Amino acid sequence: PDVLTRVTEYVPQIVAFVEKVIAKGLAYSSNGSVYLSLDEFKKQHNYRKLSPATDATTDAELEESEGALGNTNGSEKRGKND
């Protein structure tokens with residue numbers, strides 16, 4: 001890369017972007033974290049990384065991509081795909 005930047009230089013812009021996503025109803029905050037609500041997002045956009053022809057993420061795909069993070073038992077996530 002020609003330019004080295006630090007994320008700390010862009011915190012205000014990142015916060016503003018996340019606030020816009022929340023204001024549009026595409027994300028929500030819970031216990032200090034922010035989650036993209038894929039159910040809301042999919043109403044306006046196509047978000048299929050692994051199998052574009054299908055509509056649902058399988059448990060196997062979720063386990064492969066997130067591992068233990070995908071466990072929603074006791075989670076503050078609204079949906080398992082968030």
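On a predicted model such as this, the values are computed, not experimentally measured, just so you know.

## Things to note about the overall build of the protein
Step number 1: Looking only at helices and strands, the protein features three helices and two strands.
Step number 2: Shown N-terminal to C-terminal, the secondary structure of the protein runs as helices and strands in the order α-β-β-α-α.
Step number 3: Expressed as a percentage of its 82 residues, the buried residues of the protein come to 23%.
Step number 4: Considering only contacts within the protein whose residues lie at least 6 apart along the sequence, 29% involve residues at least 24 apart.
Step number 5: In the structure as shown, the protein presents an accessible area of about 6600 Å², 53% of it carried by carbon and sulfur atoms.

## What about unusual backbone geometry?
Step number 1: The phi torsion at Asn31 lies on the positive side, around 50°, for a residue other than glycine.
Step number 2: You can see Asn31 is positioned in the loop between β1 (27–30) and β2 (33–36).

## Examining the pattern of salt bridges
Oppositely charged side chains can pair when the atoms bearing their charge come close.
Step number 1: Counted under the stated rule, the structure contains one salt bridge.
Step number 2: Here Glu40 makes a salt bridge to Lys43, at a shortest N to O gap of 3.0 Å.
Step number 3: For Glu40, a relative accessible area of 31% puts it in the partly exposed group.

## Remarks on the environment of Asn31
Step number 1: Given the relative accessible area of 67%, Asn31 is considered exposed.
Step number 2: Separated by 45 residues in sequence, Asn31 and Glu76 place their C-alpha atoms 7.1 Å apart.

## A word on the pairing of β2
Step number 1: Here β1 runs beside β2; their pairing, made up of four bridges, is antiparallel. Opposite Tyr28, over in β2, you have Tyr35 as the bridge partner.
Step number 2: Here β1 hands over to β2 after two residues, with Asn31 in that stretch at a positive phi of 50°.

## Here we look at the confidence of the model for the protein
Step number 1: Averaged over every residue, the pLDDT of the protein is 78; the share at 70 or more is 66%.
Step number 2: At the low end of the mean pLDDT range in the protein sits helix α3 (residues 59–66), at 66; at the high end sits helix α1 (residues 11–23), at 96.

## Considerations on α1
Step number 1: Look at α1: 18 Å from first C-alpha to last across 13 residues, which is about the 18 Å you get at 1.5 Å a residue.
Step number 2: Of the residues flanking the end of α1, it is Gly25, one or two places downstream, whose phi is positive at about 80°.

The rules behind the values
- Residues numbered from 1 in each chain as written.
- Predicted model: local features only at pLDDT ≥ 70, side-chain atom pairs only at ≥ 80, totals over all residues.
- Heavy atoms only, no water.
- Helix = DSSP H or I, 4+ residues; strand = E, 2+ residues; numbered from the N terminus.
- Buried < 20%, exposed > 50% of the residue type's maximum accessible area, 1.4 Å probe, protein only.
- Contact = heavy atoms within 4.5 Å.
- Areas by Shrake-Rupley, 256 points an atom, 1.4 Å probe, with all protein chains shown as cover.
- Salt bridge = Lys/Arg side-chain N within 4 Å of Asp/Glu carboxyl O.
- Pairing = 2+ DSSP bridges.
- pLDDT = per-residue confidence, 0-100.
- Expected span 1.5 Å × (residues − 1).

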